[in-house]
Amino acid sequence: MEETEEPHANKKCTGKSGTFSGRTSPHKGFYQHQLLQYSSHFGLFNQNQSYSYYPAALLPLPPPIPLQLALAPSFPQNQWFRSKTHLQKPFSKVNDSPLATSSDTQVPAVAISTDALEGLQPPKSSPLKGSNGRKTMITTAQALVAARRPDSGGVEGLVISLLANHFPVQFDPSQRIYHYDLEISPNPSKEVAHRIKQKLVENNSDLLSGANPAYDGRKNLYSPVEFQNDRLEFFVSLPISSSKSTLPFGELNGLQGKHNQLKLFRVNVKLVSKIDGNDLNSYLSKEGDDWIPLPQDYLHALDVVLRESPTEKCVPVGRSFYSCSMGGAKEIGGGAVGLRGFFQSLRPTQQGLALNLDFSVTAFHESIGVIPYLQKRLEFLQDLPQRKTRSLSAEERREVEKALKNIRVFVCHRETVQRYKVCGLTEEATENIWFTDRDGKNLRLLTYFRDHYNYEIEFCNLPCLQISRSKPCYLPMELCMICEGQKFLGKLSDDQTARILKMGCQRPKDRKAIIDGVMRGPVGPASGNLAGEFRLHVSREMTRLKGRILQPPKLKLGDGGNVRDLIPSRHDRQWNLLDSHVFEATRIERWALVSFGGTADQKSNIPKFIIQLSQRCEQLGIFLNKNTIVSPQFEPTQVLNNVSLLEAKLKKIHRSALNNLQLLICVMERKHRGYGDLKRIAETCVGVVSQCCLYPNLGKLSSQFLANLALKINAKVGGCTVALYNSLPTQIPRLFWPDDPVIFMGADVTHPHPLDDFSPSVAAVVGSMNWPAANRYVSRMRSQTHRQEIIQDLAAMVWELLDEFYEEVNKLPKRIIFFRDGVSETQFFKVLKEELQAIREACGRFPGYNPPITFAVVQKRHHTRLFRYDTHHYSKVNQLFDENIPPGTVVDTVITHPREFDFYLCSHWGVKGTSRPTHYHVLWDENQFTSDELQKLVYNLCYTFVRCTKPVSLVPPAYYAHLAAYRGRLYLDRSESAAFTRRSSTMSRAAPPKATPLPKLSENVRKLMFYC
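Remember, it's a predicted structure, so these values are computed and weren't measured experimentally. (Residues numbered from 1 in each chain as written. Predicted model: local features only at pLDDT ≥ 70, side-chain atom pairs only at ≥ 80, totals over all residues. Heavy atoms only, no water.)

Trainee: Looking at this structure, I do not really get the pattern of salt bridges. What am I missing?
Mentor: Side-chain pairing between opposite charges can occur once the charged atoms of the two side chains come close. Within this structure, the stated rule accounts for 51 salt bridges. With a closest N to O distance of 2.5 Å, E683 and R967 form a salt bridge. Note that E683 is positioned in helix α16 (residues 675-686) and R967 in helix α24 (residues 956-972), a separation of 284 residues in sequence. Here E841 and R845 are joined by a salt bridge, their closest N and O atoms 3.7 Å apart. A residue is classified by how much of its surface remains accessible, and E841, at 42% relative accessible area, is partly exposed. On the accessibility criterion, R845 (41% relative accessible area) is partly exposed. One network of salt bridges, in which partners are shared, links R780, R782, D793, E800, E804, E807, E1003, R1006 and K1007. (Salt bridge = Lys/Arg side-chain N within 4 Å of Asp/Glu carboxyl O. Helix = DSSP H or I, 4+ residues; strand = E, 2+ residues; numbered from the N terminus. Buried < 20%, exposed > 50% of the residue type's maximum accessible area, 1.4 Å probe, protein only.)

Below, the structure is given as structure tokens:
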């Protein structure tokens, strides 16, 4: 959950501690009941006492932490004041120019110098227009503009009627919106800020001209009418309710707690700009020059207006909202609960503005005591209540600290609305902690709680929670509760992931019903009255549109040395290899097998597995020697925990094969974190490709499992599964020729875990190395600065791939088609500006080489969903809604960008849930593709993925880049304990450390698709 953490110790809790961000939760009673049970279990609840109030006691450490501000009694609540400066000099100048605000809807065209554009523009001798008269780029120094749509959309394929989860939004361009800057001091959380704004509006209607402004919880306030003055100052004394109703404790030490804690806030309101919707309307209607950017300011204002109502009623997380009213919280194990919600975003489309709304599920920390939370989260602490005197080993302490770090908690030994963020654990156990009180006395923590709260700490051998980075502030674990409404940022286990996916896996009919229910329900974006005040109207009906179903390509397979053709005709476009061979098969003469763990019965299946795998490979045209180069090696699982021992074992096997091993098959008892070490050692130290599998799968040995294994092995060793029967030059003859090779490149960046604040990001670039088949890819990987999205060493990686291509084909590619994965819309301009320049720089290292480049961003993490809809068969509507759209469905009208070259393509068949089409957004196109040409190219490439016999959802260059980047991440992620030690040692760094370089690939594997 997004929150602004107040840096001062006197930050107040924004609501009742037992509910999501202070909002009423249907589960409040459930959590209270758990708290009662927990408190009673540990002897904290006195049944003879009624619910009384607690004193606002201080933490047992100096200096004292104040729980409330001293209020200024001379200021009545919410009375407004004008500052003297403003009275002497009226505020007269208002910036009417559009305000550049952040938004994820479009990338602005930013003015840059001629020097900056050098390399991004074509040679001066190149024509600016193609044969179709379309502009391909701009040569002035004013702006760098994304590629415009080359036509009115594609025409190939059968027409299909669809619904999209885009809800049309009508706005009045003449409606002026007044943008005010809202500054609140002291800085509150977003929750409290919204309450301050609400109180401000309620008590100052005249000064605000009767307006009900929209507020983003930070600095931006938008009003449909102008306030009485351009600058206003208020003092708001806001009562913050205590959490007494959720804390089952009686009166302590004879002191009576307060019902409310009042806090004084100073609020300054200043007019920033006056904006209207004329520019946005012109942009959406495609009027004006191409280089004019999307008017972000007005769009952002409308987006804030539509988010106002859900923000008041739900828990906001990013651009999504979660509420128990959408099905309640579901426990997914490990101290986490799954919560249903919805995503919403206001987007410019060809039909005008549209609200993209989708069903969403995410994990939250379960709001329970810290002790029971650790019981659920960590397996080695499951018996903690029965072993209250147990202590933690160094490794266990690291695991506990990792589980609790950055989680917000509240205390239950006294009444307070304050929440604390866990920074770490104390080095000492609770029983050994001493501190100096205000009078300079040295007190033992256990004695302090016994004397001041009449409470005996039971888990005295556990460490305390440390809640401050700069000074010692300790909280005993057993007296702390996990605050509700916190998104689970830790890595979900396989079981947790499976439960979350099951919650979010909805068939098209069910997903559509949920989305429609949100739009018509009490928590959706159209549930309030605010939109009407800004003259906004949001349709409750999904967008109807026409899509097209592209025909599958004819494929080329092997057949005992002959070539066989096949057209995937099944509804899911899947094909089988029962009567066929892979297109390019390999011969594996020298290979070995090593086993890690496994029972005696499981190990006895190894000879049978070798024979059946060899037979299945033979059926597919692949030769796998029935005899391994050395007898199968059986090692205990513990070898995977010892990096040096593992390396020694693998090198010994390699030497046994006279250092000419082609393949190493590794069979594991279970998934193990040593998998990454095994891959790194095999591919960088030993120089052999490896294929891992699990013993449980060897017990079944189904034909499908063996076939999948064989396809991966064949691809890793240098073969390929399938090729296009009609080569790309025959399909797109206008651009591609057999003698003029083309390279397809893919790029992706993978970032470390959200809680990891030091590890490098890993970038990977792949390039096709054969033409015209274009189905064999070589990779390059680099580590780079922590969470850096721009690929820093792209020029060098592209140059290496071009050089590799020249060695393989004896020519440099005439065209470069570059697919970039993992880029959000807010980064489009920066990626285009910097990475296109890097590609140009790489090409410039070859004398006189300046090929045309197409740069397209590939997006899977979006929220557009397409549903079947047939107006001519009303009796089949329900049946159609429950079917996914067929493979090859493409949409490039109505819901796509109003000006730029983008389209949605669903190239795969959705077996579970609702299919998510891939969004392709062309940022630069010097090759001058038409819509039909590029869509056909991408769809046909999706059939050439080497690991399966069906079209995949992502164009293979981007897919391979993703796999290669993940492999590079494995190289960096050694054992968890070593990583945590490094993270702890760098916790106080002001900036991320220099990226650790990736180990160099062995010459034996660098040209192979080892990452598949």
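Trainee: Explain the environment of R947 here, please?
Mentor: Structurally, the position occupied by R947 is in the loop between α23 (931-941) and α24. For the pair R947 and N708, spaced 239 residues apart in sequence, the C-alpha to C-alpha distance is 7.1 Å.

Trainee: Can you help me understand the pairing of strand β2 (residues 158-164) in this one?
Mentor: It is a general feature of regular strands that their side chains alternate between the two faces of the sheet. Summarising burial for β2: five of the seven residues are buried, a large majority. Where β2 lies against strand β23 (residues 543-549), seven bridges are found, and the strand directions are antiparallel. From the neighbouring strand, L158 faces β23, where its bridge partner is I549. (Pairing = 2+ DSSP bridges.)

Trainee: What's the story with helix α11 (residues 508-520) in this structure? I'm lost.
Mentor: Because the α-helix completes a turn every 3.6 residues, residues three or four places apart line up on one side. Along its 13 residues, α11 runs 18 Å from first to last C-alpha, staying within 8% of the 18 Å computed at 1.5 Å per residue. Of all the positions in α11, only P508, R511, K512, I515, D516, V518 and M519 are classed as buried. Projection of α11 onto a plane perpendicular to its axis shows the buried side chains occupying an angular sector of 155 degrees, all on one side. (Expected span 1.5 Å × (residues − 1). Arc of directions from axis to C-beta.)

Trainee: Honestly, the sheet that holds strand β29 (residues 633-635) in this entry has me stumped. Any pointers?
Mentor: Consider a sheet: its strands pair through backbone hydrogen bonds, and that pairing is either parallel or antiparallel. Across the sheet, which stays open at both edges, the four strands sit in the order β29-β27-β30-β31 with parallel pairing between neighbours. The sheet is open, and its two borders are formed by β29 and β31 (689-694), each paired with just one other strand. With direction set aside, neighbouring strand axes in the sheet form an average angle of 20 degrees. This element, helix α14 (residues 606-619), spans β27 (591-596), β29, β30 (663-668) and β31 of the sheet and lies at about 145 degrees to β27. Helix α18 (residues 703-717) rests against β30 and β31 of the sheet, and its axis sits at about 165 degrees to β31. (Axes fitted to C-alpha atoms, helices over the stretch in contact; angles between N-to-C directions. Contact = heavy atoms within 4.5 Å.)

Trainee: What am I meant to see in the sheet that holds strand β20 (residues 474-475) here?
Mentor: In space, the three strands of this open sheet follow the order β16-β19-β20, with antiparallel pairing throughout. Two strands close off the open sheet at either side, each with one partner strand: β16 (424-429) and β20. Pairing of β16 with strand β19 (residues 463-466) involves three bridges; the strand directions are antiparallel. For A429, the partnering residue across the bridge sits in β19 and is P463.

Trainee: How do you make sense of unusual backbone geometry when you look at a structure like this?
Mentor: Leave glycine aside and you will find that most residues have negative phi; peptide bonds, for their part, are mostly trans. With an omega of -5 degrees, the peptide bond running from S185 to P186 counts as cis. Here P186 shows up in the loop between β4 (177-185) and α4 (190-203). One non-glycine residue, N454, adopts positive backbone phi at about 55 degrees. Here N454 lies in the loop between α9 (445-453) and β19. On the basis of relative accessibility, which here comes to 71%, the residue N454 falls in the exposed class.

Trainee: It is not clear to me how the packing of aromatic side chains should be interpreted in this structure. Could you clarify?
Mentor: Aromatic ring pairs are described here by two measures, namely the spacing of the ring centres and the angle between the planes. Counting across every chain of the model gives 22 aromatic pairs. Ring centres of F435 and Y448 lie 5.4 Å apart, and the angle between their planes is 75 degrees; this geometry places the pair in the edge-to-face category. Of this pair, F435 sits in strand β17 (residues 434-436) while Y448 sits in helix α9; the two residues are 13 residues apart in sequence, bridging distant segments of the chain. The buried category is assigned to F435, whose relative accessible area is 5%. Judged by relative accessible area, which is 11%, Y448 ranks as buried. Across the ring face of F623, the terminal group of R587 is positioned such that the distance to the ring centre comes to 4.1 Å. The side chain of R899 reaches across the aromatic face of Y283, ending 4.4 Å from its centre. (Phe/Tyr/Trp six-rings, centres within 6.5 Å; stacked < 30°, edge-to-face > 60°. Lys NZ or Arg CZ within 6 Å of the ring centre and 35° of its normal.)

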